[in-house]
Amino acid sequence: MIAPQVPNNSSIFRPNPKRSVFVDGQIDEKLVRRLTPRILDLQAESREPITVYIDSDGGSVFYADRLVDLLRAPGQDGEAPCRLIAVSTTLAASAAADLLSSADYAIAYPEAGILHHGTRQNSASPLTVQNASALAASLKSTNDQFASRMAKRCSDRLVLRFATLRGPISTGLSTYEKGLTDLPNKLSPNGNEVLGLAKRQIEAYDTLLLEIRASNFTGCERIAEYEREILIELVRYEVNQNPETGWSFEKLGMNKLSQDFLLLSQYLGLQHDEELLKMCHRWAPFFLSKSDLAKIAEKPEKERDDFRLDLVQGHARPIWLLLIAICKTLQDGEHWLTARDAYWLGLIDEVYGATDLLTLRTFYEVVLQVLTEAETAPP
């Protein structure tokens, strides 16, 4: 594992009004056009971080993405993109909430409101069975894409929250169990609703997986074959769960079968997600206990790397799956969150002025101070 590089100053975590743009009102083509000259000036001036202050009720996801693409553009000669610091001062709703969480470092003022909801689409054409079905599929696909993208951006944030809640490993609880025990006490009622819905998603995954865990999907060479095996097991599961004489797939079961198929295929895919492997490599020292290290040391040297990864995955996977479930929940319905909710759910990095909350900024500033003192200390 490559250790994180300690920056030589804390500017990568602190907002800078002198190098900033202000996203206010609707996020649309007009806003992007208005901000483009300022962004280009800041990028030409230096490659220092750019701060985006946000007070917006949302707008077009398309133009929010275009704005992020512009802010993250590399220099003409291949210079690295400017680091992006986003600050919600009053409101970050809809596409603005997505913009906030997409920053390299996301901050919200204590009283800021943050609203997440699923994709919305206006249709000028008459609604028919055919286009309603197509629209539903499109919205579902888009929501899943947004949830996956958000989870990738927020994985380090949520792991850090669980690190904050973990306490001594000697408590007997795993990192995940300790975090889920304490997390509800940190959230508002709205935040707890999101957490509860996410946990129920995971329980649904686990229930289904428990029923079909004897199945062997490793021999499937094509995606269709893999999906066929899932469907076979789910049909068997639904028939066993519904022994009533009058129950049938035609009357009651097809919708449930479709939902369960999506849940299970996503769950099985997520267990081997590339982002999970990245999380394991980044946070391996945090996840491994003294007992884990002793077990690794007992293995032959050629087996240690694979065994170590398996152990780390066992600790990291539940947190990764919870984050996926949280992000999917946020795409279903409307969810108003406080700044502290967003912090504890891993959606932002810092609540402005909240000195009781551990942040990556404070961690790096402490490390930087220690290194500076060591360098300046007399021999």
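Residues numbered from 1 in each chain as written. Predicted model: local features only at pLDDT ≥ 70, side-chain atom pairs only at ≥ 80, totals over all residues. Heavy atoms only, no water.

Visitor: I'd like a rundown of the overall build of the protein, residues and numbers included.
Guide: What the protein contains, in helices and strands, is 13 helices and 7 strands. Taking all 379 residues of the protein together, 42% fall into the buried category. Put simply, the protein shows about 20600 Å² of open surface, and 54% of that area lies on carbon and sulfur atoms. (Helix = DSSP H or I, 4+ residues; strand = E, 2+ residues; numbered from the N terminus. Buried < 20%, exposed > 50% of the residue type's maximum accessible area, 1.4 Å probe, protein only. Areas by Shrake-Rupley, 256 points an atom, 1.4 Å probe, with all protein chains shown as cover.)

Visitor: With reference to specific residues and values, describe the packing of aromatic side chains.
Guide: Tallying each qualifying case throughout the model produces 10 aromatic pairs. Measuring from centroid to centroid gives 6.1 Å for Phe-162 and Tyr-176, while their planes differ by 5°, and the two rings are stacked. Of this pair, Phe-162 sits in helix H4 (residues 129-166) while Tyr-176 sits in helix H5 (residues 175-182), placing them 14 residues apart in sequence. Among the aromatic residues, those joined into a ring-pair cluster are Phe-13, Tyr-105, Phe-363 and Tyr-364. In this structure, Arg-66 packs its charged tip against the face of Phe-62, placed 4.7 Å from the ring centre. The ring of Tyr-343 carries the charged tip of Arg-161 above its face, separated from the ring centre by 3.7 Å. (Phe/Tyr/Trp six-rings, centres within 6.5 Å; stacked < 30°, edge-to-face > 60°. Lys NZ or Arg CZ within 6 Å of the ring centre and 35° of its normal.)

Visitor: Could you give me a rundown of the pattern of salt bridges, with the residues and numbers involved?
Guide: The final tally for this structure, using the stated rule, is 17 salt bridges. Here Arg-34 and Asp-24 are joined by a salt bridge, their closest N and O atoms 2.8 Å apart. Of the two residues, Arg-34 is situated in helix H1 (residues 29-45) and Asp-24 in strand E1 (residues 20-24); the sequence distance between them amounts to 10 residues. A relative accessible area of 47% means that Arg-34 is categorised as partly exposed. Note that Asp-98 is salt-bridged to Arg-149, the shortest N-O span being 2.9 Å. With Asp-98 in helix H3 (residues 95-101) and Arg-149 in helix H4, this residue pair connects regions lying 51 residues apart in the sequence. It is possible to trace a salt-bridge network through shared partners that takes in Arg-14, Glu-350, Arg-361 and Glu-365. (Salt bridge = Lys/Arg side-chain N within 4 Å of Asp/Glu carboxyl O.)

Visitor: Account for the confidence of the model for the protein, naming residues and giving values.
Guide: Here the protein shows a mean pLDDT of 82. Residues at 70 or above account for 79%. A low-confidence stretch, residues 1-7 stays under pLDDT 50, and its non-local contacts, those more than four residues away or across chains, total 14 contacts. Here residues 134-139 is a poorly scored stretch, pLDDT under 50, and it has 4 contacts once near neighbours within four places are set aside; other chains count. (pLDDT = per-residue confidence, 0-100. Contact = heavy atoms within 4.5 Å.)

Visitor: Tell me what's going on with the side chain of His-335, and back it up with residues and numbers.
Guide: Here His-335 is to be found in strand E6 (residues 334-337). By relative accessible area, His-335 is classed as buried at 5%.

Visitor: Mind laying out the pairing of E1, listing which residues take part and the relevant values?
Guide: Relative to strand E2 (residues 50-56), E1 is paired through 5 bridges, and the arrangement is parallel. Of the residues in E2, the one forming a bridge with Val-23 is Ile-54. (Pairing = 2+ DSSP bridges.)

Visitor: Describe the packing of H1 against helix H2 (residues 61-71), listing the residues and the values that go with them.
Guide: Contact geometry for H1 and H2: axes closest at 10 Å, N-to-C directions at 10°. The angle between H1 and H2 places the two elements in the roughly parallel class. Side by side, H1 and H2 meet where Glu-29, Val-32, Leu-35, Thr-36, Ile-39, Leu-40 and Gln-43 of the first sit next to Tyr-63, Leu-67, Leu-70 and Leu-71 of the second. Grouping the amino acids of the contact of H1 with H2 by side-chain chemistry returns 8 nonpolar, 2 polar and 1 charged. (Axes fitted to C-alpha atoms, helices over the stretch in contact; angles between N-to-C directions. Parallel < 35°, antiparallel > 145°, perpendicular 65-115°, else oblique. Nonpolar A, V, L, I, M, F, W, Y, C, P; charged D, E, K, R; others polar.)

Visitor: Any chance you could break down the packing of helix H10 (residues 290-298) against helix H11 (residues 301-330) for me, citing the residues and the numbers?
Guide: At a closest axis distance of 9 Å, the pairing of H10 and H11 adopts a crossing angle of 155°. Judged by the inter-axis angle, H10 sits roughly antiparallel to H11. Crossing angle aside, the handedness with which H10 passes H11 is right-handed. Of the residues in H11, those in contact with Asp-292, Lys-295, Ile-296 and Ala-297 of H10 are Arg-304, Phe-307, Arg-308, Leu-311 and His-315. Across the contact of H10 with H11, the residue classes tally to 4 nonpolar, 1 polar and 4 charged. (Left-handed = near helix turned anticlockwise from the far one by under 90°.)

Visitor: Describe the pairing of strand E5 (residues 113-117), and please don't skip the residues or the numbers.
Guide: Across the 5 residues of E5, 5 count as buried, placing the element largely inside the fold. Every second residue of E5 is oriented toward a common face, with Gly-113, Leu-115 and His-117 on one face and Ile-114 and His-116 on the other, all of them buried. As paired strands, strand E3 (residues 84-93) and E5 are joined by 3 bridges and run parallel to one another. Considered in E5, the bridge of Ala-93 is made with Leu-115. The pairing of E5 with E6 spans 4 bridges and is antiparallel.

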